[in-house]
Each structure stands twice: as structure tokens, then as C-alpha cells.
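Listed below, chain by chain, are the residues.
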Amino acid sequence: MDDTQDTRAGGRLKVETHGLDVIGDADRKGRPRQLFWPWFAANVSVLGLSYGSFALGFGISFWQALVAGAVGIVFSFLLCGFVAVAGKRGSAPTMVLSRAAFGVRGNRLPSAISWMLTLGWETALTALATLAAATVLDRLGWGGGTSTKAIALLVVTALIVAGGVMGFDVIMRMQTVITVVTGVLTVAYIVLVLPHIHWDAVQSVAPGSAQQFIGALVFMVTGFGLGWVNAAADYSRYLPRRSSSKGVVGWTTFGASLAPLVLLVFGLLLAGSSPGLNKAVAADPIGALTTVLPTWFLIPFAAVAVLGLVGGAVLDIYSSGLALLAAGLRAPRYVAALIDGALMVAGTVYIVFVADDFLGPFMGFLTTLGVPIAAWCGVMLADLALRRRDYDEADLYRPRGRYGDVPLLPVAVVGAGAVLGWGLVTNSGASWLAWQGYLLGPLGLGGKEGDWAFANLGVLVALAVGFVAMLVLGRSRVRAQESAPSSTETAEEARA
């Protein structure tokens, strides 16, 4: 194996030098089951408990929220599993493989959107980890206020940025440790909070309408797997090409869904048992969960909360750096990770020290960027389904190659999906997004104050538009690409 990739070469940790390049055969290793570790670690965060409160906030019952959450989690991570197949078929980052559908330079727009989404996610996770650590220290009487938050921010960001800069091998080793530690401590947390669950109170929560149920379902889709689809192939790209596609889909979906499903159930039970806790979670999604814990478990809780969030943020900063390179930045991968780290710190400072509300802007952010990413995901999945051959590696980097430069069709499809999608979502928690929902009235859905206002149908519509339009209209384009001689054959003919 190349010593630039082996972080253990010479007994020292080394920075991964792979960026947007294709992983060579000698560096492809492992089996699909190894995908369980990074995906589980990235989603075992106790933030999953808070999603129980978020779901009930749509005005639905426990059973409605459970179904919406289970369907939303599994479906959204199944999308990640399908996209991950592209990684083992092309051995390049997700937003490079996306060039096959969007063209070499036409792909810069979805790459920029992908970068903003992953940067936003890593910032939100870092802010939550900082608030959680500060809350625990405050409850223990070891500090409080601005200085405690500042110290927590320094520790959390150091872990995240270090992992993102070092790269794949270090991240995989970190995620294995995080999986074991957080898995054990999360089970301990669940056992300790069982006395605070009151089934009678949970059952008494009134059911909501179909529109409210769909709103919760869409929120779960955007809050879980849809936030990862644009990075899903970044880790499967290191697998040998002969790896089972079913294994890649299965282990990605299973690893990513397992913890959120368990955490959602207990989060719903806790939120349904205590209206006070349900309300507190909106302001401090992680810190509020400490109020039901005995003092002696606060340090272990801080470990599970911070490590779980760090696990997700590390994958985000790694993938956001790759997306920034795909968007056009000319720099080594670790430099892109450092740039993202600086922006992440700035955003975290705003959330922790300036912003008064977390949930409103967070939901607005998820839904707004979730719409074009859903459209991109639809196009990507349709393009992948149409292909019968592996990607031509060289042409992924050549504007004059088979994949083209700026093809009109996929760009127009994502644009149409975004326009339709934004017209069917609303974000009352963020005033700067009040322009959305402009199609709810003309389409007879009751306008921005009607029953469908918060169902956020636009995310599902954008996904469907991207997939169906590309599946129908892109077939001939894919066939033409795959019938062209490979770049290797072309180069040999030129030398002859």
C-alpha cells in the first residue's frame, strides 16, 4: 500500500493525501460489512433522542410519530445505500461520480450545494456538542457561562478538525472506538431514564392530521439520510470493485439506521411523558436530556453526547472538504478541511453565543437545502440505475470526455425540482425563508396557513421529479456514454 495512504507507515500518523482522485486498485481494501462502523458511529448520537421531541412537535401522537420516524429513517438511509454503490463502482468521491450525470463543470453547482449542506450539518453538530458539554459542566458546578462554552468549543473543534484533516484511515479508527464507547453508554442512559417514562401520558397525546404526519415524515427524511446522500460514496470508494452491491446497500442502511431507530423510540417516550422536557429540547436538544439523569452519570453522558456528535461531524468535515474541491477549489484536501473547520467554528460561535433559538433555524436550514439535494439525489439514483458499466475514470476529469462539460438536462431537472420543491415547503421558524411556499395557494393546498403548509411536500416532490425526469429523459444520454470507446482505448489509438 502507498505510504501516503497508510497512516501507520513508519509508526507515525500521516495526513491522507487522496483528494478527488480515483483510489488505485492497490489501495482498495475491506468488505462491505466494514461500512457498518462509520455509519453507526455517525448516527449513534443522543441527538436521535431529541428527534422524538421534534416529531411530536408536529402535533401527532406517539404511534404516528413512531411510524413517520421509522419509515423516514430507513427510507432516507436506503437512498444513501444506493448512492454508496457508485463509490465501489467508481472509487472516487460522491461529488466526482456525480459528474457522470451533471458533466465535469456542470457538477460544480450541486457540489457547492452539497458543500453548504455538509458544512451546515457539521456546524450544527459542533454547536450541539459544545452546548451539551457546557450544560454538563454547569450542572456539576465546575463552571458556567461564556468561559465554559469557550473551553468546550475548543476541545470539540480540535477533535473534529483533527479527524477531518488526517483523513480516511484515522476517521475509520476513530469511528470504531466511538461506536463501541457510545453504544455502551447509550444503553446505560436508556436504562437510567426508564423510570421517567409514563406510558399513560404518552398514550394521551392526541393524534394529528395526515398533513401533520407527512410533515413529520419529511422532517425525518431530511434530518437523517437525506443529509448524508451527497457523501454516501465517500467511504465505499475504498472497497474493491468486486464487492457485493447488495452488501454495500445493506450494511450502509443497517449501520446508519440501527441507532436512530432505537433512540427515536425512547426519545418519543421521554418527550411524550414530560411536556416540560419536550419544550426544553427545542432550546437545547442535548443539554435538556441531562435533567432526567442522576448526577453521577453526567460525565459518562457528556462523553456519549460529545463523542456521538463528533462522530457525525468528522464525517461531515471530511466530505464537505471533498465537496469544496469538487466545487472548484484548487487546493490539497487537508487545506479544504481546514477552511471548512474555520467556517464551522465561526458558525458554531454564532449558534452558541448569539442565536436565541436553535430548532427554528435548524429546521429551516434542513428543509431549504434538502429540496435541491433531494432533486440531485433523484437524478443521481436514476443515472446510477441506468448504467450497466463502471465509470470511465479518466473521463470524470475531462470536460471533453464522454460525460460532457455542462449538459443542460440534469441542471434543468434540478432547477425545476428546486423551484417546485421550494414552492411547497414553509419555514415559519426562520423569517428569512418566508418567501417559500408560493405554490401552496395556486395549487389549492390552502396557502401558507393551510393544512398542507407544514407537510413540506416539496422535498418528496423534488426527489420524485429528479428521479422520474432523469430516468425517462436521460436514458439515451447514458447509452451514448456507455457505447463510446473507453479513454484507455482512445489513448492507445492515438499512440498507434
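First things first, this report covers the structure right here in the doc. (Residues numbered from 1 in each chain as written. Predicted model: local features only at pLDDT ≥ 70, side-chain atom pairs only at ≥ 80, totals over all residues. Heavy atoms only, no water.)

Thoughts on the packing of aromatic side chains
Here is step 1 of the chain: Considering all chains together, one arrives at 20 aromatic pairs under this definition.
Here is step 2 of the chain: Judged by centre distance (6.1 Å) and plane angle (85°), the ring pair of Trp63 and Trp199 falls under edge-to-face. Here Trp63, found in helix α3 (residues 62-90), pairs with Trp199, found in helix α9 (residues 199-203); they are 136 residues apart in sequence, far enough to count as distant.
Here is step 3 of the chain: Grouping aromatic residues by their ring pairs yields a cluster made of Tyr51, Phe54, Phe58, Phe77, Phe219 and Phe224. (Phe/Tyr/Trp six-rings, centres within 6.5 Å; stacked < 30°, edge-to-face > 60°. Helix = DSSP H or I, 4+ residues; strand = E, 2+ residues; numbered from the N terminus.)

Let's talk about the nonpolar core
Here is step 1 of the chain: Within the largest apolar cluster, 144 residues are counted, with the highest numbers of intra-cluster contacts made by Tyr51, Tyr189, Ile286, Phe301 and Tyr391.
Here is step 2 of the chain: Top element by residues in this core is helix α14 (residues 298-326). It accounts for 18 residues.
Here is step 3 of the chain: Non-local contacts of Tyr189, meaning those with residues more than four positions away in its chain, are made with Leu49, Leu270, Leu289, Val292, Leu293, Phe297 and Phe301. (Core = buried A, V, L, I, M, F, W, Y, C linked by side-chain atoms within 4.5 Å. Buried < 20%, exposed > 50% of the residue type's maximum accessible area, 1.4 Å probe, protein only. Contact = heavy atoms within 4.5 Å.)

Points about unusual backbone geometry
Here is step 1 of the chain: The backbone of Ser91 shows a phi angle near 55°, a positive value even though the residue is not glycine.
Here is step 2 of the chain: One can find Ser91 in the loop between α3 and α4 (94-97).
Here is step 3 of the chain: What makes Ser91 buried here is its relative accessible area of 0%.
Here is step 4 of the chain: Here Asn456, not a glycine, exhibits a phi torsion of approximately 50°, which is positive.
Here is step 5 of the chain: Look at Asn456 and you get buried, because its relative accessible area is 6%.

What to know about the packing of helix α1 (residues 36-43) against helix α12 (residues 245-273)
Here is step 1 of the chain: Relative to each other, α1 and α12 sit at 25°, their axes nearing to 8 Å. In terms of their interaxial angle, α1 and α12 are classed as roughly parallel. The element α1 and its partner α12 pack so that their crossing is right-handed. For the pair α1 and α12, the contacting residues are Phe36, Trp39, Phe40 and Asn43 in the first and Trp251, Thr252, Phe254, Gly255, Ala256, Leu258, Ala259, Pro260 and Leu263 in the second.
Here is step 2 of the chain: Of the residues contributing to the contact of α1 with α12, the split by class is 10 nonpolar, three polar and no charged. (Axes fitted to C-alpha atoms, helices over the stretch in contact; angles between N-to-C directions. Parallel < 35°, antiparallel > 145°, perpendicular 65-115°, else oblique. Left-handed = near helix turned anticlockwise from the far one by under 90°. Nonpolar A, V, L, I, M, F, W, Y, C, P; charged D, E, K, R; others polar.)

Regarding a nonpolar patch on the surface
Here is step 1 of the chain: Among the surface-exposed residues, Trp37, Val177, Val180, Val181 and Val184 lie close enough to one another that they form a single nonpolar patch of about 420 Å² accessible area.
Here is step 2 of the chain: For the nonpolar patch, the leading source of residues is helix α8 (residues 168-193), giving four residues.
Here is step 3 of the chain: Considering the arrangement of structural elements, one finds Val181 in helix α8. (Patch = residues over 30% accessible without salt bridge, like charges linked within 9 Å, V, L, I, M, F, W, Y side chains within 5 Å. Areas by Shrake-Rupley, 256 points an atom, 1.4 Å probe, with all protein chains shown as cover. Salt bridge = Lys/Arg side-chain N within 4 Å of Asp/Glu carboxyl O.)

Some remarks on the pattern of salt bridges
Here is step 1 of the chain: Within this structure, the stated rule accounts for 11 salt bridges.
Here is step 2 of the chain: With a closest N to O distance of 2.6 Å, Arg105 and Asp405 form a salt bridge. Of this pair, Arg105 sits in the loop between α5 (99-102) and α6 (108-139) while Asp405 is found in the loop between α16 (359-386) and α17 (408-422), placing the two residues 300 residues apart along the sequence.
Here is step 3 of the chain: Judged by relative accessible area, Arg105 falls into the partly exposed class, the value being 44%.
Here is step 4 of the chain: Asp392 serves as the salt-bridge partner of Arg402, at 3.2 Å between the closest nitrogen and oxygen. Taken together, the positions of Arg402 in the loop between α16 and α17 and Asp392 in the loop between α16 and α17 put the pair 10 residues apart, joining distant regions of the chain.
Here is step 5 of the chain: Look at the salt bridges and you will find they share partners, linking Asp25, Arg28, Arg89, Arg241, Asp390 and Glu393 into a network.

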